[in-house]
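Here is how the chains run, residue by residue.
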Amino acid sequence: MCWWLLVLSCASLSSIVLLFLIGGQRYKVFSEKCVRRPGPLVTDSKQRDARLTRGFCVDLIPPALDAVVIGSGIGGLTAAALLSKAGKRVVVLERHDRAGGCTHTVQNKGFEFDVGSHHLGQLHENSLLRVALDQITDGQLQFARLEPHFHTLILGQRDERREYHVHAGKTQMAESLKKQFPGEEAAIDEFIRLMKLASRRMPLIAILKIIPHWLVNFLVRTGLLGHMSAVFHLATTNHSEMMSHLTRNKDLQALSACLCYGVPPKESSFLINALLMHHYRRGAYYPRGGGNEFAFHIIPVIQQAGGDVLVRAPVRRILLDQHGKAYGVTVLKGPEEIQVQAPVVISDTGMFDTFQKLLPPHIENKSEIQSLLGMVRHGMGSFLVFVGLNGTKEELGIVHQLVDV
Ligand SMILES: Cc1cc2nc3c(=O)[nH]c(=O)nc-3n(C[C@H](O)[C@H](O)[C@H](O)COP(=O)(O)OP(=O)(O)OC[C@H]3O[C@@H](n4cnc5c(N)ncnc54)[C@H](O)[C@@H]3O)c2cc1C
Ligand SMILES: *[C@@H]1O[C@H](CO)[C@@H](O)[C@H](O)[C@H]1NC(C)=O
Ligand SMILES: *[C@@H]1O[C@H](CO)[C@@H](O)[C@H](O)[C@H]1NC(C)=O
Ligand SMILES: *[C@@H]1O[C@H](CO)[C@@H](O)[C@H](O)[C@H]1NC(C)=O
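The written sequence of each chain sets the order in which its residues are numbered from 1. By the order in which they are written, chains take letters starting at A while ligands take numbers starting at 1. In keeping with the predicted nature of the model, local features appear solely for residues at pLDDT of at least 70, side-chain atom pairs appear and are counted solely at 80 or more, and the whole-chain, interface and lining totals rest on all residues. Here the side-chain values reflect all heavy atoms present in the structure, with hydrogen atoms and water set aside.

Things to note about the site of ligand 3
Next up, step 1: Taken together, Asn238, Glu241, Lys266 and Glu267 make up all the residues around ligand 3.
Next up, step 2: Any pair of N or O atoms that falls within 3.5 Å is considered a polar contact. Within protein, one atom must be able to donate a hydrogen and the other to accept it, and sequence-neighbouring residues count only if both atoms are side-chain atoms. In the model, a nitrogen atom of ligand 3 is placed 3.5 Å from a nitrogen or oxygen of the Lys266 main chain.
Next up, step 3: Using a 1.4 Å probe, the Shrake-Rupley method yields the accessible areas, and only the shown protein chains count as cover for residues. Bound to the protein, ligand 3 loses 37% of the 360 Å² it would expose on its own.
Next up, step 4: By residue class, the composition of the shell around ligand 3 is no nonpolar, one polar and three charged. Proximity criterion: a residue is near a molecule or strand once any of its heavy atoms comes within 4 Å of it. For this scheme, ten residues count as nonpolar: Ala, Val, Leu, Ile, Met, Phe, Trp, Tyr, Cys and Pro. Four count as charged, namely Asp, Glu, Lys and Arg, and the remainder, Gly too, count as polar.

The following block contains the structure:
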C-alpha cells in the first residue's frame, strides 16, 4: 500500500539529510546511467539464497563501516542503497533468516508466498516511486500491471451480502463508483477531489519533518498551519468524521476506506485512506518474480560499495558513547554479543523496538521520547491464510485482484 511510498520517501529524505551531515560535501547519488536493461529473472533457488540468506559472522562484517542499518525491510534497504550510491560502506543486519522484511517470501509444498506486500501503485513511467525503485535496483525490477478492476470488497453476510468493486483509471475510478452508488455522484466527486488534493499537497507534510522543530511547534500552536493548506485538516480529521459530511451511505463510507491496514475508519486519518486510494488510481502492479525481488536487486547495489546485508543477525543494543552519540550496535551470536561499530546507526525496526529495546532505558525515559511514544499505539493483530492453487489462471478462472471480506 502506499505506506510504501511513505517508507520510501522518509528513508530517502533522511538518508539525503544524513549524507550532508556525515559527508559535509555534495555527492552525486542519483544518475540515469546506473539504470540498466533488466536481466533475465533468476529462478534458481541456490543463486537466490546465496544473496538473500547470507548468515552473519564476524569475518563477513565489512571493515571501516560508514553506517549500520538495523532491519532489512524496504525502509532499511532503501536507506542503505542510497548511502551506498553516495559511496558509503553500509552493513544491514537482519534478525530473520532471509532479507526483505515484509517483502520477503516463504516456500511451502512447492508454492512460494509473499508474506506482506502484494500490490503497489504509482509505478507508471517517470513516477516518483518508479524512479526511486529504478535507482536503488539499477533498473532491475520489473512490474506486471494488474487488471484495472483491482479490488473487491464484500460486505454483510448471506442474504445481506453486497459486493463492491474498485477500478483503476483516471476517470474510470469515479465512473465505476457512480454506477455502483446511484444518487451519490456529488459525494463521489468530492471524495475524488479531496483525494487529489491529499496527493498534491502531501509534500507539505513531508516538509514538516525537515524544518526545525520549534518552527513546527509554532505553526501548530498558533493554528497557522491549518491556514496554510487544507491538507493539514485532512490529516487530523478521522475518516468516519470526514465521510459523514460527504454521504450517509454506510457502504460508500466503508468502501472509501477499504484498503485496510488494521486501523478502523473511526481512528484512521482521512488523509492516509485517501492517499491509499489515490495510490492505485493509475493502476496496481505486482513485482515480476515475487516480493523478494526487491531485496534480491537492492543487495548488489549495497555490495558494490563494499557493504553487505547479513541475516540471522539479531541486534541487541545500540551503543552510545558518553555524549549520547551512537557508535555502533551489538549482535547476539549464541551467548555472545558482538560489536559492530559505525559512526551512523539507522534503525528500521519501528519506534517501539528502537526506543524500548535497542536504546538504553535512560533515553526512553526522556520526556520528549515519552511524549512521542504516547502518541502511537501498536496496530491490530491479524493472521494470514496462504492458499496454494495449482493451475494456470485460465484453468482456475481467476483474475489478479484483491478481495477483502
Ligand atoms: C500482510 C501485509 C500486506 C501488505 N500489503 C502491502 C501491499 O500490497 N502494498 C504495499 O505497498 N504495502 C503492503 N504492506 C506494507 C508493506 O509491506 C510495509 O509497510 C513495508 O514493507 C514495511 O517496511 P519496513 O522497512 O518499514 O519494515 P519491515 O519490512 O517490517 O522491516 C523491519 C525488519 O527489521 C527486522 N528487525 C526487527 N528487529 C530487529 C533487530 N533487533 N535486529 C535485526 N533486525 C531486526 C525485522 O525482522 C524486519 O525484517 C503489507 C504489509 C503486510 C504485513
Ligand atoms: C501441480 O500439479 C502438477 C501436475 O499434477 C504437478 O506436477 C506439480 O508438482 C504441482 N505443483 C505443486 C506446487 O504442487
Ligand atoms: C472522530 O472525529 C470526531 C470529530 O472530531 C470525534 O468526535 C471522534 O471522537 C473521533 N473518533 C475517534 C475514534 O477518535
Ligand atoms: C525510568 O523511569 C522509571 C519510572 O519513572 C524509573 O523507575 C526508572 O528508574 C527510570 N530508569 C532510568 C534508567 O532512568
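Past the structure itself, the notes keep going.
Brief notes about the UniProt feature "domain: Amine oxidase" (unreviewed entry) in the protein chain
Next up, step 1: UniProt positions are given in the numbering used here, feature names are shortened, and annotations may be inferred rather than shown by experiment. Sites flagged by UniProt as "domain: Amine oxidase" (unreviewed entry) map to residues 74-345.
Next up, step 2: Helix makes up 42% of residues 74-345 and strand makes up 21%, while its end C-alpha atoms are separated by 16 Å. Secondary structure elements are taken from DSSP: a helix is a run of H or I of four residues or more, a strand is a run of E of two residues or more, and numbering for both begins at the N terminus.

Considering the domain arrangement of the protein chain
The extent of an interface is frequently quoted as the accessible surface area lost upon association of the parts.
Next up, step 1: Note that the domain bounds reflect an automated or database-derived domain assignment. If you check the domain split of the protein chain, you get domain 1 (5-143 + 289-371) and domain 2 (164-282 + 383-404).
Next up, step 2: Note on contacts: a residue pair qualifies if any of its non-hydrogen atoms lie within 4.5 Å across the two residues. Taken together, the contact between domain 1 and domain 2 spans 14 residues of the former and 15 residues of the latter.
Next up, step 3: Buried area is a sum: the accessible area each of two parts loses on coming together, probed at 1.4 Å, counted once for each and added. Both sides together, the interface formed by domain 1 and domain 2 hides about 1300 Å², and carbon and sulfur atoms give 73% of it.
Next up, step 4: Three residues stand out in domain 1 for area buried against domain 2, namely Phe113, His119 and Gln122, and they jointly supply 35% of the buried area on that side.
Next up, step 5: Basic side-chain nitrogens of Lys or Arg form a salt bridge, by our definition, when they fall within 4 Å of a carboxyl oxygen of Asp or Glu. Counting across the domain 1 and domain 2 interface gives zero salt bridges.
Next up, step 6: Here domain 1 and domain 2 share four residue pairs in polar contact (both at pLDDT 80 or more) between them.
Next up, step 7: Its residues assigned to classes, the side of domain 1 that touches domain 2 comprises eight nonpolar, five polar and one charged.

A closer look at the sheet that holds strand 9 (residues 284-287)
Next up, step 1: Should DSSP find at least two bridges between two strands, the strands are taken to pair. One open sheet holds the three strands; their spatial order is 5-9-6, and the pairing between them is antiparallel. The open sheet has two edge strands with one neighbour each: strand 5 (120-121) and strand 6 (143-145).
Next up, step 2: Inspection of the sheet shows strand 5 paired to strand 9 by two bridges, in the antiparallel sense. Paired with Leu120 across the strands is Tyr285, a residue of strand 9.

Remarks on the site of ligand 4
Next up, step 1: Close to ligand 4 lie Pro361, His362 and Asn365, which account for all nearby residues.
Next up, step 2: For ligand 4, an oxygen atom lies 2.3 Å from a polar atom in the side chain of Asn365.

Points about unusual backbone geometry
Next up, step 1: With a phi angle near 45°, Ala64 is a residue other than glycine that sits in the positive phi range.
Next up, step 2: One can find Ala64 in the loop between helix 2 (45-52) and strand 1 (67-70).
Next up, step 3: The class of Ala64 is exposed, set by a relative accessible area of 63%. Each residue is assigned to one of three classes by its accessible area relative to the maximum for its type, calculated with a 1.4 Å probe on protein chains only: buried under 20%, partly exposed between the two thresholds, exposed over 50%.

Concerning the packing of aromatic side chains
Next up, step 1: Each pair of aromatic rings taken from Phe, Tyr and Trp, with Trp reduced to its six-membered ring, is defined by centres within 6.5 Å and is described as stacked if the planes are under 30 degrees apart, edge-to-face if over 60, and tilted in the remaining cases. If you walk through the whole model with that rule in mind, you get six aromatic pairs.
Next up, step 2: When the centroid spacing of 5.3 Å and the interplanar angle of 35° are considered together, the rings of Phe150 and Tyr280 count as tilted. Taken together, the residues span a long stretch of sequence, with Phe150 in strand 7 (residues 149-155) and Tyr280 in the loop between helix 12 (270-279) and strand 9 at a distance of 130 residues. Of the two residues examined, Phe150 and Tyr280, each falls in the buried class.
Next up, step 3: Each ring, one from Tyr164 and one from Phe181, has its centre 4.9 Å from the other, and the planes form 15°; the classification is stacked. Here Tyr164 is found in strand 8 (residues 162-167), whereas its partner Phe181 is found in the loop between helix 5 (172-180) and helix 6 (185-210), with 17 residues between them in sequence. The burial state of Tyr164 is the same as that of Phe181; both residues are buried.
Next up, step 4: Sitting over the ring of Phe296, Arg48 keeps its end group 4.3 Å from the ring centre. Criterion for a charge above a ring: Arg CZ or Lys NZ at most 6 Å from the ring centre, at most 35 degrees from the ring normal.

What about the sheet that holds strand 11 (residues 315-320)?
Next up, step 1: One open sheet holds the three strands; their spatial order is 11-12-13, and the pairing between them is antiparallel. Only two strands of the sheet have a single partner each, and these edge strands are strand 11 and strand 13 (336-341). The sheet shows a mean angle of 30° between the axes of neighbouring strands, taken without regard to direction.
Next up, step 2: In terms of strand pairing, strand 11 meets strand 12 (residues 326-333) through five bridges, oriented antiparallel. The residue of strand 12 that forms the bridge with Leu319 is Gly328. Throughout, an axis means a line fitted to C-alpha atoms (over the contacting stretch in the case of helices), and angles, computed between N-to-C directions, take values from 0 to 180 degrees.

Details of helix 5
The periodicity of an α-helix, 3.6 residues per turn, causes residues three or four places apart in sequence to face the same way.
Next up, step 1: Those residues of helix 5 lying buried are Met173, Ala174, Ser176 and Leu177. Looking straight down helix 5, one finds that the buried residues subtend no more than 170° of arc, so they occupy a single side.
Next up, step 2: Contacts made by the buried residues of helix 5 are with strand 7, strand 8, helix 6, helix 11 (250-255) and helix 12. By construction, the arc corresponds to the directions joining the helix axis to the C-beta atoms.

Let's talk about helix 14 (residues 351-358)
Next up, step 1: Buried within helix 14 we find Phe352, Thr354, Phe355 and Leu358.
Next up, step 2: Elements that come into contact with the buried residues of helix 14 comprise strand 1, strand 11, strand 14 (345-347), helix 15 (361-364) and helix 16 (367-374).

A few points about the nonpolar core
Burial of nonpolar side chains together is a common tendency in soluble globular proteins.
Next up, step 1: By nonpolar core is meant a set of buried Ala, Val, Leu, Ile, Met, Phe, Trp, Tyr and Cys residues that side-chain atoms within 4.5 Å join together. Counting 41 residues, the largest nonpolar core has Phe150, Leu234, Leu255, Phe270, Leu271 and Met277 as its most contacted members.
Next up, step 2: Going through the elements one at a time, strand 7, strand 8, helix 5, helix 6, helix 9 (231-236), helix 10 (239-246), helix 11 and helix 12 are the ones with two or more residues in this core.
Next up, step 3: Not counting residues up to four positions away in its chain, the partners in contact with Phe270 are Phe191, Leu194, Leu234, Thr237, Asn238, His239, Met242 and Met243.

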